[in-house]
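# A closer look at the structure
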Amino acid sequence: MGFVYIQSTLDSLLSNSNEMERRGVIIVILLADFNETSRMDMNDQLVKKYRNFFDSGLMRTIQAPRSFYPSFKKLKQTYNHDPSTVKWRSKQNFDYAFMMEYSMGLSEYYLQLEDDVVTVPHYLQHIKAFMFRIPKWTCLEFCELGFIAKLYHSYDLQKLSTLLKLFFNEQPNDVIYLHFNELMLQFQRFIRRPTIFQHKGHVSSSGTKRRMIEDMLFDFEQKARLKSPIKPVEFRQLGRVAGPEHSVWAKRRKEAALRNRTLR
């Protein structure tokens, strides 16, 4: 299922953005399987499918050396999780830590994603618009679930990576990041509503089947049918209120004057 999931995610990221929006963006894909043959097969499939994007520098694959990971034997069982789940989530904490340490010099911001998500049109514009709405933040969230679609400043990644490695056994990453936010003096969650990334995977990378978990805040504005007695100006249609601008130009019903009406 691995390639099917990551292909769906990459196709969604590409089809819902354009070349101009993707300027300055690098998609880093961690090949996290300890099995070298599986890693090479995945890399070959990705490069074959997305060669143009690899050649342009938009995409790259990385892998952590085995020496980066600790021993995952004799782990403490916490949260009443079975041993295989504790081992899987402990390794995942180191996977994410490696991703962060690799990525922190690549750009100003870091968005944590998983390989089984989809997004909405112009998601990069939505992210930028939300950033400007929150004056001071450590973490912005674009999916309510788990550790999916969390945005950080790159200068905070070393600290977050360190916390993931320190408590890799005791805590899952979707708990660690909340503790980290509070340590950084952010005592509330800044979740963009509607959210713009949706979890789609039925089977986790741990290999165990799990029920479908979806973000109930995902994109409900985009799916709503918009009606209004306001007559929109031709180049500022009503549907744009669900876009990054959240506004529409319209004519007064009794007067020809143009007004900029912002819908909140």
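Every residue gets a number counted from 1 within its own chain, in the order that chain's sequence is written. Only residues with pLDDT of 70 or above have their local features reported here, since the model is predicted, and side-chain atom pairs are shown and tallied only from 80 upward, although totals for entire chains, interfaces and linings are computed over all residues. Side-chain figures throughout are based on the complete set of non-hydrogen atoms in the structure, without hydrogens or water.

### Side note on the overall build of the protein
Here a helix means four or more residues in a row that DSSP labels H or I, a strand means two or more in a row labelled E, and each is numbered from the N terminus. Helix and strand counts for the protein come out as 8 helices and 11 strands. For each residue, the accessible area found with a 1.4 Å probe, counting protein chains only, is set against the maximum for its type, and the residue is called buried under 20%, exposed over 50%, and partly exposed in between. Every one of the 264 residues in the protein was classed for burial, and the buried ones make up 44%. Two residues qualify as a contact provided that any one of their heavy atoms is within 4.5 Å of a heavy atom in the partner residue. A separation threshold of at least 6 residues defines the contact pool for the protein, and within that pool the share at least 24 residues apart is 64%. Surface exposure here means Shrake-Rupley accessible area, sampled with a 1.4 Å probe, where a residue is shielded only by the protein chains that are shown. Counting every atom, the protein has about 15500 Å² of accessible surface; 53% of that belongs to carbon and sulfur.

### What about the environment of Ile29?
Along the polypeptide, Ile29 turns up in strand β1 (residues 27-30). Ile29 sits in the buried class, given a relative accessible area of 6%. Measuring from C-alpha to C-alpha, the distance between Ile29 and Ile6 comes to 9.2 Å, with 23 residues separating the pair along the chain. Here Ile29 is in contact with Ile6, Leu10, Leu46, Arg60, Thr61 and Ile62, once residues within four sequence places are set aside.

### Concerning the sheet that holds strand β5 (residues 139-141)
A pair of strands is labelled paired if DSSP reports no fewer than 2 bridges between them. Strands sit in the order β3-β6-β5-β7 across an open sheet of 4 strands; the sheet is mixed. For this open sheet the edge positions go to β3 (109-112) and β7 (190-191), each flanked by a neighbour on one side alone. Strand direction decides the pairing type here: β3 and strand β6 (residues 150-153), joined by 4 bridges, are antiparallel. For Gln112, the partnering residue across the bridge sits in β6 and is Lys150.

### Examining the packing of aromatic side chains
Here the aromatic set is Phe, Tyr and Trp, taking the six-membered ring for Trp, and pairing holds for ring centres within 6.5 Å; pairs whose planes are under 30 degrees apart are stacked, those over 60 apart are edge-to-face, and all others are tilted. Applying the stated rule across the entire model yields 15 aromatic pairs. Judged by centre distance (6.2 Å) and plane angle (45°), the rings of Tyr69 and Phe94 are tilted. One end of the pair, Tyr69, is in the loop between β2 (59-62) and α4 (83-103); the other, Phe94, is in helix α4, with 25 residues separating them in the sequence. Accessibility expressed as a relative area gives 8% for Tyr69, which makes it buried. Among the aromatic side chains, those forming a connected cluster through ring pairs are Phe34, Phe68, Tyr69, Phe72, Phe94, Phe98 and Phe168. Geometrically, a charge over a ring is one whose NZ (Lys) or CZ (Arg) sits within 6 Å of the ring centre while staying within 35 degrees of the ring normal. Between Arg66 and the ring centre of Phe34, over which it is positioned, the NZ or CZ distance is 4.2 Å. Above the plane of the ring of Phe34 lies Lys91, whose end atom (NZ or CZ) is 4.8 Å from the centre.

### Brief notes about the confidence of the model for the protein
On average, the protein scores 86 in pLDDT, and the residues at 70 or more come to 78%. Low pLDDT, under 50, characterises residues 234-246; the predicted model gives this stretch 33 contacts beyond four residues in sequence or across chains. One number per residue, pLDDT, summarises how confident the predictor is, and it ranges from 0 to 100. Segment residues 253-264 is flagged for pLDDT under 50; beyond a separation of four residues in sequence, or across chains, it makes 23 contacts in the model.

### Brief notes about helix α7 (residues 173-183)
Considered for burial, the residues of α7 that qualify are Asn173, Ile176, Tyr177, Phe180 and Asn181. Viewed along the axis of α7, the buried residues span an arc of 140°, placing them on a single side of the element. In the core, the buried residues of α7 are packed alongside α4, β5, β6 and α6 (157-166). Positive backbone phi, approximately 70°, marks Leu185, located one or two places after α7. The arc under discussion is defined with respect to the helix axis, by the directions toward the C-beta atoms.

### Brief notes about the nonpolar core
One recurring pattern in soluble globular proteins: nonpolar side chains tend to sit buried together. Core analysis: the biggest nonpolar cluster contains 34 residues, and Leu10, Leu46, Leu140, Phe142 and Phe197 have the highest contact counts within it. Residue assignment for this core shows that the elements contributing at least two residues are α1 (2-15), β1, α2 (36-49) and α5 (123-133). If sequence neighbours within four positions are ignored, Leu10 has contacts with Ile27, Ile29, Leu46, Tyr50 and Met59. Buried residues of nine kinds, namely Ala, Val, Leu, Ile, Met, Phe, Trp, Tyr and Cys, make up a nonpolar core once their side-chain atoms join them within 4.5 Å.

### Some remarks on the packing of α4 against α6
When two helices pack together, their arrangement is given by the angle between the helix axes and the distance between those axes. Between α4 and α6, whose axes approach to 9 Å, the crossing angle comes to 160°. As the angle between them shows, α4 and α6 are arranged roughly antiparallel. Where α4 crosses over α6, the handedness of that crossing is left-handed. Seen from α4, the contacting residues are Asn93, Phe94, Tyr96, Ala97, Met100, Glu101 and Ser103; seen from α6, they are Leu157, Gln158, Leu160, Ser161, Leu164 and Lys165. Note that Gly is not counted as nonpolar here; it falls among the polar residues with everything else outside the nonpolar set of Ala, Val, Leu, Ile, Met, Phe, Trp, Tyr, Cys and Pro and the charged set of Asp, Glu, Lys and Arg. For the contact of α4 with α6, a count of residues per class yields 7 nonpolar, 4 polar and 2 charged. Note on geometry: axes are lines fitted to C-alpha atoms, helical ones only across the stretch in contact, with angles between N-to-C directions running from 0 to 180 degrees. Note on angle classes: values under 35 degrees are labelled roughly parallel, values over 145 roughly antiparallel, values of 65 to 115 roughly perpendicular, and the remainder oblique. If you view the pair so one helix is near and one far, a crossing is left-handed when the near helix is turned anticlockwise from the far one by less than a right angle, and right-handed when it is turned clockwise.

### Concerning the packing of α6 against α7
The N-to-C vectors of α6 and α7 enclose an angle of 130°; their axes lie 10 Å apart at closest approach. Our classification of the angle between α6 and α7 gives oblique. Relative to α7, α6 is oriented so that their crossing is right-handed. In contact with Lys159, Leu160, Leu163 and Leu164 of α6, α7 contributes Asn173, Ile176, Tyr177, Phe180 and Leu183.

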